[in-house]
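The lines below spell out each chain.
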Amino acid sequence: MTGAFRVPRRGIDGSRREVRFSFNGRLFTGLAGDTLASALLANGVHLMGRSFKYHRARGVLTAGSAEPNALVSIDRGAGRVTPNVRATMQEIYDGLRATSQNHFPSLHFDLGSAADLLSPLIPAGFYYKTFMWPRMAWRMLYEPAIRRMAGLGVAPTAADPDRYAMRHAHCDVLVVGGGPAGLAAALAAAESGESVILCDENARLGGAILAEPATSSMGAAMAGWLERTLTDLVSRRNVRLLTRTTAFGIYGQNAVALAERRTDHLPPEAAHGSRERLWQIRARRIVIAAGAQEQPLVFPGNDRPGVMLAGAARTYLNQFDVLPGRRPLVVTADDSAYALAKELIAAGARPAAVVDLRPDACPMLAKDISACGVAVFTGGMVLGVKGAHRVRGARVADANGRVRKVNCDAIFMSGGWAPSLSLVSQASGQIVWSEEANTYLPGALPKDIRCAGACAAAGSLQDAIDQGTSAGFWAGRVRRAEPPSQTAPEARLSPASGGPLVSPVTRQVSGLRGKAFIDFQNDVTAKDVQLAIREGFHSIEHIKRYTTTGMATDQGRTSNLNALSIASDTLGLPVPQVGLTTFRPPYTPVTFGVLANFARDGDLDPVRKAPMHDWAVGQGAVFEDVGMWRRARYFPRAGESMRTAVARECLATRRSAGVYDASTLGKIEVVGPDAAEFLNRMYTGSWSKLAVGRCKYGVMLREDGFIFDDGVIGRMAADRFHVTTTTSGAARVLAHMEDYLQTEFPDLRVWLTSTTEQWAVIAVNGPKSRDIVGAVVDGLDLSNEAFPHMSVAEARMLDTPIRLFRVSFTGELGFEVNVPSALATVAWQAVMEAGAAHDLCPYGTETMHVLRAEKGYIIIGQDTDGTVTPEDAGLGWAVGKTKPDFVGLRSLQRPDIVDSHRKQLVGLLPTDPNLVLEEGAQLVEEEMIGEPGSSLGHVTSSYWSGLLGRSFALGLVESGRQRKGQVLLATTSRGFAPVRIEAPSFYDQGGERLNG
Amino acid sequence: MLLIDCPHCGPRAEPEFQYGGEAHIARPGDPSALSDEAWATHLFFRSNSRGLHAERWRHSHGCGRYFNAVRDTVTDRFACTYPTGTPRPDIADKPGETR
């Protein structure tokens with residue numbers, strides 16, 4: 001037994017296997033191919049959830065992805081609980097565990113439903129006007145309580161153990177929607193051999209055809225067409241069919257994002273591979289065949305379990321073999337519900353009545369139904385619904401206003417069908433109001449997008465196929481007007497035989513008592529919209545935000561038109577003047593998993609590591625991220641804090657020797673006959689006269705005169721320079737150089753090659769560095785005379801060619817050993833061994849920062865911010881004053897650059913030697929305190945110095961060099977602290993140690 | 001994500017490229033001969049077109065070369081791409097028309 005409401009053998013499927021699943025712990029049996037909703041309905045279960053705000057009992061409204069009510073949690077094990085799954089989309093499998101949401105203690109007895117009784121106190125926007133006092137209580141009491149009461153499912157806290165995949169694809173034609181129009185379009189487009197991808201959010205292709213009864217002649221013909229079309233499409237190599245795949249967003253240039261659900265319909269033990277796949281598709285042309293959404297009618301109690309859309313009832317009956325009511329009331333403003341009424345009778349149901357809201361409904365249709373013994377109330381209306389957990393009856397008025405009570409176990413309603421225009425709206429297609437159709441239709445579309453089928457107002461299944469075929473010919477660049485030959489003649493239908501797919505949307509609105517819902521998921525009633533308008537919200541955008549109608553996860557696919565219509569009636573304005581809200585991606589909710597995809601944990605952001613990284617890890621280094629690089633910050637010994645470790649590393653380097661991994665420095669090999677001239681134009685200094693074997697500090701400006709980068713440049717040969725850049729500037733310096741070389745100076749014969757990752761750099765600094773480097777480098781005299789400060793040479797180490805620089809970023813005697821990266825760890829080890837006799841101390845970036853700041857060496861991007869000139873930074877000496885031109889030279893003469901009030905680099909000593917200022921702290925004079933926006937400058941670098949035995953800092957201060965000796969106030973978290981302005985160098989101002 | 005037709009490599013995904021500002025703004029041969037005003041105009045003033053806009057792109061994660069493109073700033077659609085140093089192709093300026 002698979003449910004008391006199962007109708008024997010009606011659907012398109014043949015034999016169906018039994019499937020066992022549980023809902024709220026109770027075991028049920030369904031059939032393979034069922035959704036959770038259809039399987040529960042087959043077992044007579046309509047109550048599937050509680051609503052968001054009022055905790056009202058809710059059943060299914062739809063049979064598809066627009067479902068606002070029947071949201072459940074699916075439990076597939078630890079970390080695999082998915083909340084807010086639409087029961088109408090979840091396929092059942094053996095062992096499926098589903099639970100309902102938002103209730104306490106149980107679905108049937110929910111204390112939260114008191115909110116329904118208190119509803120007069122909590123109308124739309126209540127939180128804007130109540131719970132205002134006392135002020136603190138909102139955050140502490142009201143909001144947490146309201147949040148607990150309201151809501152949907154609970155997200156799991158365990159990490160998601162599933163894998164997600166991603167694919168990029170290009171195709172000539174993308175067809176969105178696998179109903180009659182989409183399938184016909186795919187087939188037609190495929191004729192020309194163009195590549196075609198078709199996607200559909202459902203498990204089965206066929207769309208509206210699946211809702212046709214297989215027993216009718218049209219249903220049989222359509223089923224035949226569907227089978228032949230699918231067989232044909234599957235056989236074509238240029239066609240890819242993606243089921244359970246939602247096109248959730250259209251972006252620029254026909255980029256479409258698809259989420260393919262690959263395992264959620266399988267028992268967890270049978271689910272292998274990725275759970276979902278994100279497709280990023282670039283399509284030359286797109287056919288949107290997204291179908292139409294039936295609209296609810298607005299009457300009191302229209303949300304009770306048992307009330308559903310007539311089209312949904314047809315789908316349950318014809319596709320899933322489920323009779324969702326034995327004595328249903330059919331309420332309609334649309335002809336399509338009459339077909340349902342007849343099919344219900346044929347399936348053994350006894351409809352209580354048919355209420356047609358339209359006074360001018362077609363009498364032929366009514367007569368057809370009356371002939372079966374079912375009362376038809378043309379021009380009637382529904383006044384109320386009995387039954388909280390399940391519909392038991394309704395009060396119905398006929399055209400003359402006579403009220404009668406009818407007993408019924410379900411209500412099937414149809415407010416007409418509205419095209420699904422979400423994707424059209426996302427693609428910036430026009431959406432126009434049609435007075436005739438009483439709904440919005442697609443208007444002018446981007447030139448490579450077309451709509452077909454019900455979303456383009458097709459009137460019948462045959463219309464949909466014809467529209468799809470013609471859109472497919474257009475998309476596939478097929479030059480013929482005939483339908484594809486694969487459509488067999490018997491599949492042709494007379495246009496009249498298909499029911500209308502798009503029909504006028506009308507609603508039943510009235511001043512009746514009881515809640516008549518517009519937005520089921522967000523619990524917005526007709527009265528809420530009317531209240532919003534009374535309170536002055538007249539634009540639909542304002543009404544939407546105030547009432548939250550259309551703002552739930554279904555994006556108002558079943559509510560927007562009703563809200564618009566009620567607003568239009570209340571305001572006395574035509575619908576187009578009330579406006580239309582914008583649909584945005586995603587079309588339906590998309591998991592974070594498929595969006596994050598493999599970019600999680602260690603793969604979220606790539607990490608660059610120098611070759612010596614593992615050695616530093618082994619030494620227990622503390623790391624910091626510098627751009628994409630992960631760098632050793634300091635090497636603490638047992639019990640050391642950062643301050644003591646850094647002070648020890650600094651002192652060791654100044655007294656004996658320190659070693660530092662400088663591999664992350666950017667390196668560019670600049671080669672060619674015009675290399676020196678090129679550098680003359682790119683850097684402020686002059687390079688023509690730099691001798692081979694010498695190096696020089698270079699400053700690079702942008703054209704606006706501000707410092708862009710700096711670094712030491714060594715001349716390896718007449719036509720070859722070894723350029724170093726800052727760690728973070730490597731890529732942008734190369735791009736900057738390439739820009740000028742390619743576009744401004746294409747006549748220069750110069751070639752640029754990034755060598756950042758080819759050279760690993762071991763920087764050895766300190767008085768003993770010569771002894772250590774001399775012990776490992778062969779074939780080079782390192783004496784002051786032979787290899788003075790700012791020398792560079794090619795040498796050998798471990799039988800490998802290396803480049804040795806004598807440079808210093810610490811103020812001590814220093815060498816930078818550039819070794820091929822492959823040799824880095826061996827070379828590092830050799831240096832460490834040679835240094836053992838000299839207490840060689842490894843140090844990290846924090847120590848490097850302190851050492852250079854004690855000397856007043858700037859770091860680009862820390863002591864400069866893109867508004868600092870060489871003069872500001874005290875680097876005027878590095879500018880070649882006699883050079884005719886270089887990038888940025890002209891700007892150094894701009895009036896605001898030569899202004900004497902510019903901020904200049906200074907040293908700062910806090911009066912309190914233990915106070916380490918915060919970097920970014922503002923510097924003011926006493927009389928400026930309290931004056932908004934006034935500041936003389938700020939702190940750019942600030943440290944504790946073990947060498948000085950006190951704190952110190954660098955900063956940029958207005959006319960700073962003239963203020964030497966002056967005391968300013970720095971902002972701190974505890975008020976203002978006095979600091980004295982000094983020259984930006986605190987150690988060995990004469991620079992003797994460099995030449996040691 | 002845009003698809004950009006590099007004149008040297010063919011159509012490639014936008015993340016491979018870097019934007020390079022407005023095209024056809026040549027650096028003056030002798031900047032020091034320019035008045036402050038003329039230099040400021042060269043440095044800071046751009047056409048900021050609505051509609052077709054000639055601009056520079058660099059295929060930084062491909063061939064590394066700069067090239068020019070005409071792009072509609074209303075629709076983001078590229079009308080054409082062409083190598084650096086060649087004149088802007090004659091394409092009618094109809095804002096939004098190419099959508």
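Residues numbered from 1 in each chain as written. Chains lettered and ligands numbered in written order. Predicted model: local features only at pLDDT ≥ 70, side-chain atom pairs only at ≥ 80, totals over all residues. Heavy atoms only, no water.

1. Overview of the overall build of chain A
Operational definition: Secondary structure counts use DSSP, requiring at least four H or I residues in a row for a helix and at least two E residues in a row for a strand, with both numbered from the N terminus. The globule rule used here is 2.2 Å times the number of residues to the 0.38 power, and the radius of gyration it is set against is calculated over C-alpha atoms. Any residue under 20% of the maximum accessible area for its type is buried, any over 50% is exposed, and the rest in between are partly exposed; the area is computed with a 1.4 Å probe on protein chains only. Throughout, a residue-residue contact means that at least one pair of heavy atoms, one from each residue, lies within 4.5 Å. Surface accessibility follows the Shrake-Rupley procedure with a 1.4 Å probe radius. Residue values consider only the protein chains on display as shielding. Under the counting rule used here, the positive set is Lys and Arg, the negative set is Asp and Glu, and His together with the chain ends is not counted. Every charge is mapped to an atom, namely NZ of Lys, CZ of Arg, CG of Asp or CD of Glu.
Per the secondary structure count, chain A includes 22 helices and 47 strands. Relative to the compact-globule value of 30 Å for 996 residues, chain A shows a C-alpha radius of gyration of 38 Å, a clear excess of over 25%. The principal-axis extents of the C-alpha atoms in chain A amount to approximately 115 × 70 × 55 Å. In chain A, which comprises 996 residues, the share counted as buried stands at 59%. Taking contacts inside chain A between residues at least 6 apart in sequence as the whole, the part at least 24 apart equals 67%. Only carbon and sulfur atoms are counted for the fraction: they give 54% of the accessible area of chain A, which is about 40100 Å². Computed over 106 positive and 101 negative side-chain charges, the separation of the two mean positions in chain A equals 6 Å.

2. With respect to the domain arrangement of chain A
What counts, and what does not: Residue ranges assigned to the domains are those given by an automatic or database domain assignment.
According to the domain assignment, chain A consists of domain 1 (18–131), domain 2 (164–293 + 419–497), domain 3 (296–415), domain 4 (517–572) and domain 5 (900–995). The centre of domain 2 of chain A, based on its C-alpha atoms, is set 68 Å off from the matching centre of domain 5 of chain A.

3. Observations regarding the nonpolar core
All names here are of chain A. Applicable threshold: The criterion is simple. A nonpolar core is a set of buried Ala, Val, Leu, Ile, Met, Phe, Trp, Tyr and Cys residues joined through side-chain atoms within 4.5 Å.
In terms of nonpolar packing, the biggest core is built from 79 residues, with Leu-36, Leu-329 and Ile-411 touching the most fellow members. In terms of residues, this core owes the most to one element, helix α1 (residues 36–42), which gives six residues. Sequence-distant contacts of Ile-411, that is, excluding residues within four places in its chain, are made with Phe-299, Gly-306, Val-307, Met-308, Leu-329, Val-331, Val-385, Val-391 and Ala-394. Core analysis: the second largest hydrophobic core is formed by 42 residues, Leu-421, Cys-451, Ala-526 and Val-529 among them.

4. Some details on the interface of chain B and chain A
Filter applied, for reference: We define buried area as the total accessible area lost by two parts upon association, computed with a 1.4 Å probe and summed across both. When a carboxyl oxygen of Asp or Glu is within 4 Å of a side-chain nitrogen of Lys or Arg, the pair counts as a salt bridge. By the criterion applied in these results, polar contacts are pairs of N or O atoms within 3.5 Å in which, for protein atoms, one can donate a hydrogen and the other can accept it, and in which residues neighboring in sequence qualify only through two side-chain atoms. Charged means Asp, Glu, Lys or Arg here, nonpolar means Ala, Val, Leu, Ile, Met, Phe, Trp, Tyr, Cys or Pro, and polar covers whatever is left, Gly included.
The interface is formed by 27 residues belonging to chain B together with 30 residues belonging to chain A. Around 2300 Å² of area is buried between chain B and chain A when both sides are counted, 47% of it from carbon and sulfur atoms. Residue A:Asp739 is joined to B:Arg56 by a salt bridge in which the shortest nitrogen-to-oxygen separation is 2.6 Å. Applying the counting rule to chain B against chain A returns 15 residue pairs in polar contact (both at pLDDT 80 or more). Elements with a minimum of two residues in the side of chain B that touches chain A: α1 (36–44) and β4 (52–58) of chain B. If you tally residues by element for the side of chain B that touches chain A, the top one is α1(B), at four residues. When grouped by side-chain class, the residues that make up the side of chain B that touches chain A number 12 nonpolar, seven polar and eight charged.

5. Brief notes about the pattern of salt bridges
Residues and elements named next belong to chain A. Tallying each qualifying case throughout the model produces 57 salt bridges over all chains. Asp-172 serves as the salt-bridge partner of Arg-284, at 3.0 Å between the closest nitrogen and oxygen. In this pair, Arg-284 is assigned in strand β13 (residues 276–288) and Asp-172 in strand β8 (residues 164–176), connecting sequence segments 112 residues apart. Overall, Asp-172 belongs to the buried group, its relative accessible area being 13%. Residue Arg-358 is joined to Asp-356 by a salt bridge in which the shortest nitrogen-to-oxygen separation is 2.9 Å.

6. Regarding the packing of aromatic side chains
Each aromatic ring pair is characterised by the separation of its centres together with the angle its planes make. Residue and element names in this part refer to chain A. To keep things clear, this is the line we draw: Think of it this way: a Phe, Tyr or Trp ring, Trp meaning its six-membered ring, pairs with another when their centres are within 6.5 Å, and the plane angle makes it stacked under 30 degrees, edge-to-face over 60, tilted otherwise. Two conditions define a charge located above a ring, namely a distance within 6 Å from the ring centre to NZ of Lys or CZ of Arg, and an angle within 35 degrees of the ring normal.
Summed over all chains, the structure comprises 19 aromatic pairs over all chains. Taken together through their ring pairs, the aromatic side chains of Tyr-54, Phe-517 and Phe-520 make up a single cluster. In this structure, Lys-515 is placed above the aromatic ring of Tyr-54, and the distance from its NZ or CZ to the ring centre is 4.9 Å. Just above the ring of Phe-708 sits the side chain of Arg-732; from NZ or CZ to the centre is 5.8 Å.

7. Considerations on a nonpolar patch on the surface
Heads up, the condition is: Only residues whose relative accessible area exceeds 30% and that form no salt bridge enter a patch; like-charged residues are grouped when within 9 Å of one another, and nonpolar side chains (Val, Leu, Ile, Met, Phe, Trp, Tyr) when within 5 Å.
A cluster of nonpolar side chains, contributed by A:Phe104, A:Phe109 and A:Leu111, occupies part of the molecular surface with about 360 Å² of accessible area. Along the polypeptide, A:Phe109 turns up in the loop between β7 (96–100) and α2 (114–117).

8. Some remarks on the packing of helix α20 (residues 769–776) of chain A against helix α21 (residues 824–835) of chain A
All names here are of chain A. To keep it simple, the criterion reads: To obtain an axis, a line is fitted to C-alpha atoms, over the contacting stretch when the element is a helix, and the angle between two such axes runs from 0 to 180 degrees between their N-to-C directions. Angle categories: roughly parallel below 35 degrees, roughly antiparallel above 145, roughly perpendicular from 65 to 115, and oblique for all the rest. When the near helix sits turned anticlockwise from the far one by under a right angle, the crossing is termed left-handed; a clockwise turn instead gives a right-handed crossing.
Following both chains from N to C, one finds α20 and α21 inclined at 130°, their axes separated by 9 Å at the closest point. It follows from the interaxial angle that α20 and α21 lie oblique. For the pair α20 and α21, the crossing hand works out as right-handed. Note on element contacts: α21 touches α20 through Ala-830, Val-831, Ala-834 and Gly-835, opposite Ile-772, Ala-775 and Val-776. Of the residues that constitute the contact of α20 with α21, the class distribution is six nonpolar, one polar and no charged.

9. Notes on the sheet that holds strand β46 (residues 967–972) of chain A
Residues and elements named next belong to chain A. Selection rule: Pairing between strands requires that DSSP locate at least two bridges from one strand to the other.
Read around the closed barrel, six strands run β42-β45-β44-β43-β46-β47, paired in antiparallel fashion. Along the sheet, successive strands turn relative to each other by an average axial angle of 45°, direction set aside. For strand β42 (residues 903–910) and strand β47 (residues 975–982), the ladder comprises four bridges, and the chain directions are antiparallel. Bridged to Leu-909 within β47 is Arg-980. Set on the sheet, helix α22 (residues 845–855) makes contact with β44 (937–945) and β45 (950–958); between it and β44 the angle comes to about 110°.

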